[in-house]
Amino acid sequence: MGFLPAMQSDLSGIRATKPLRFRALEGAVVDLWHAEGQAGGGGRYTAPHPRAVLFLDAGAQAVQLSAPGFRASGVQAMFVPAGVPVETRITTTRHFAHVDLHFDPQALARRLSGHVAPEALLRPRFLTAPPRLSGMGALLAGALEGSALLLEGLMLATLAELFTPEPGRAALTNHQL
């Protein structure tokens, strides 16, 4: 048996509108959720493993997101380290869809070794207008039924974009420096 994600969630006013689609890879699971959120609804999510989330459509504009030290609306993509709680509040009744990438921590560290500083995996990242990530979620969703190699490549490309250094920050890991 491979990696199985776990998520502790408490939801109100959010319901799935289509069956969950998912695909397991070595040390990761990619899943696709379609949901409807009612104005005033929301949820609290905590997972014992790191994850990334990519919204597929403009539905993210109706989701206010908060995590320790962070609050924003319209977050299109995020990386959430293991154990970090995330809360959502739906501001307008809306349908939305998102792709979640759940990772075994050791498998994620192996995938990113030499490319991303290990301490970067301990900090949440929230992006409101990621130019290259905007279409990545749709590509991941489309690849759920196809080649595992394609899905793995898209997952790695997503991680590369999520961890691209912000302007003004060093692009090298501490080890490379």
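Our structure's up above, just so we're on the same page.
Quick look at the structure, then. (Residues numbered from 1 in each chain as written. Predicted model: local features only at pLDDT ≥ 70, side-chain atom pairs only at ≥ 80, totals over all residues. Heavy atoms only, no water.)

**Considerations on the nonpolar core**
What tends to happen in soluble globular proteins is that the nonpolar side chains get buried as a cluster.
Here is step 1 of the chain: By size, the foremost hydrophobic cluster in this structure holds 28 residues, and its most contacted members are Val30, Leu101, Phe103, Leu140 and Phe163.
Here is step 2 of the chain: Top contributing element to this core by residue count: helix 3 (residues 148-162), with 5 residues.
Here is step 3 of the chain: Among residues more than four places away in sequence, those in contact with Phe163 are Phe79, Leu112, Val116, Ala120, Leu121 and Arg125.
Here is step 4 of the chain: The next biggest cluster of nonpolar side chains, apart from the first, holds 18 residues, and it includes Val53, Val63, Met78 and Val84. (Core = buried A, V, L, I, M, F, W, Y, C linked by side-chain atoms within 4.5 Å. Buried < 20%, exposed > 50% of the residue type's maximum accessible area, 1.4 Å probe, protein only. Helix = DSSP H or I, 4+ residues; strand = E, 2+ residues; numbered from the N terminus. Contact = heavy atoms within 4.5 Å.)

**Quick notes on helix 3**
Here is step 1 of the chain: Taking 1.5 Å per residue as the helical rise, helix 3 with its 15 residues ought to reach 21 Å, and the 21 Å between its terminal C-alpha atoms agrees with that figure.
Here is step 2 of the chain: Along helix 3, the residues that are buried comprise Leu151, Leu154, Met155, Thr158, Leu159 and Leu162. Angular distribution of buried residues about the axis of helix 3 spans 140 degrees; they occupy a single face of the element.
Here is step 3 of the chain: For helix 3, the N-terminal cap is Ser147; the gap from its side-chain oxygen to the backbone nitrogen of Leu149 is 3.1 Å. (Expected span 1.5 Å × (residues − 1). Arc of directions from axis to C-beta. Polar contact = N/O pair within 3.5 Å; in protein donor to acceptor, adjacent residues only side chain to side chain.)

**Considerations on the side chain of His49**
Here is step 1 of the chain: Position of His49 among the secondary structure elements: in the loop between strand 3 (28-46) and strand 4 (51-55).
Here is step 2 of the chain: At 3.2 Å, the side chain of His49 and the side chain of His102 are in polar contact.
Here is step 3 of the chain: The residues touching His49, leaving out its near neighbours within four places in the chain, are Phe3, Pro5, Ala6, Val80, Ala82, His102, Phe103 and Pro105.

**Some thoughts on the packing of aromatic side chains**
Between two aromatic rings, the relevant description is the distance of the centres plus the angle of the planes.
Here is step 1 of the chain: As enumerated under the stated definition, the model contains 3 aromatic pairs in all.
Here is step 2 of the chain: Here the aromatic rings of Phe70 and Phe126 are separated by 4.2 Å at their centres, their planes lie at 10 degrees, and the arrangement is stacked. Of the two residues, Phe70 is situated in strand 6 (residues 70-73) and Phe126 in strand 10 (residues 125-127); the sequence distance between them amounts to 56 residues.
Here is step 3 of the chain: Judged by relative accessible area, which is 16%, Phe126 ranks as buried.
Here is step 4 of the chain: Relative to Phe163, the ring of Phe79 has its centre 4.9 Å away and its plane inclined at 65 degrees; by these criteria the two rings are edge-to-face. In this pair, Phe79 sits in strand 7 (residues 77-80) while Phe163 sits in the segment after helix 3, placing the two residues 84 residues apart along the sequence. Across the pair, exposure class does not vary: Phe79 and Phe163 are buried alike. (Phe/Tyr/Trp six-rings, centres within 6.5 Å; stacked < 30°, edge-to-face > 60°.)

**What about a nonpolar patch on the surface?**
Here is step 1 of the chain: Among the surface-exposed residues, Leu20, Phe22 and Trp33 lie close enough to one another that they form a single nonpolar patch of about 300 Å² accessible area.
Here is step 2 of the chain: Checked against the element boundaries, Leu20 lands in the loop between strand 1 (8-16) and strand 2 (21-25). (Patch = residues over 30% accessible without salt bridge, like charges linked within 9 Å, V, L, I, M, F, W, Y side chains within 5 Å. Areas by Shrake-Rupley, 256 points an atom, 1.4 Å probe, with all protein chains shown as cover. Salt bridge = Lys/Arg side-chain N within 4 Å of Asp/Glu carboxyl O.)

**Overview of the pattern of salt bridges**
Here is step 1 of the chain: Scanning all chains against the criterion turns up 5 salt bridges.
Here is step 2 of the chain: For Arg15, the salt bridge identified is with Glu36, shortest N-O distance 3.2 Å. On the criterion of sequence distance, the pair formed by Arg15 in strand 1 and Glu36 in strand 3 is long-range, its members being 21 residues apart.
Here is step 3 of the chain: Relative accessible area serves as the criterion here: at 46%, Arg15 is assigned to the partly exposed category.
Here is step 4 of the chain: A relative accessible area of 14% places Glu36 in the buried class.
Here is step 5 of the chain: Among the salt bridges present, the one from Glu161 reaches Arg132, with a minimum N-O distance of 3.0 Å.

**Considerations on the packing of helix 2 (residues 136-143) against helix 3**
Here is step 1 of the chain: At a minimum axis distance of 9 Å, the contact between helix 2 and helix 3 shows a crossing angle of 160 degrees. For the element pair helix 2 / helix 3, the angle class is roughly antiparallel. Considering the relative orientation of helix 2 and helix 3, their crossing is left-handed. Residues Met136, Leu139, Leu140 and Ala143 of helix 2 form the contact with helix 3, whose participating residues are Leu150, Leu151, Leu154, Met155, Ala157 and Thr158.
Here is step 2 of the chain: Tallied by class, residues from the contact of helix 2 with helix 3 come to 9 nonpolar, 1 polar and no charged. (Axes fitted to C-alpha atoms, helices over the stretch in contact; angles between N-to-C directions. Parallel < 35°, antiparallel > 145°, perpendicular 65-115°, else oblique. Left-handed = near helix turned anticlockwise from the far one by under 90°. Nonpolar A, V, L, I, M, F, W, Y, C, P; charged D, E, K, R; others polar.)

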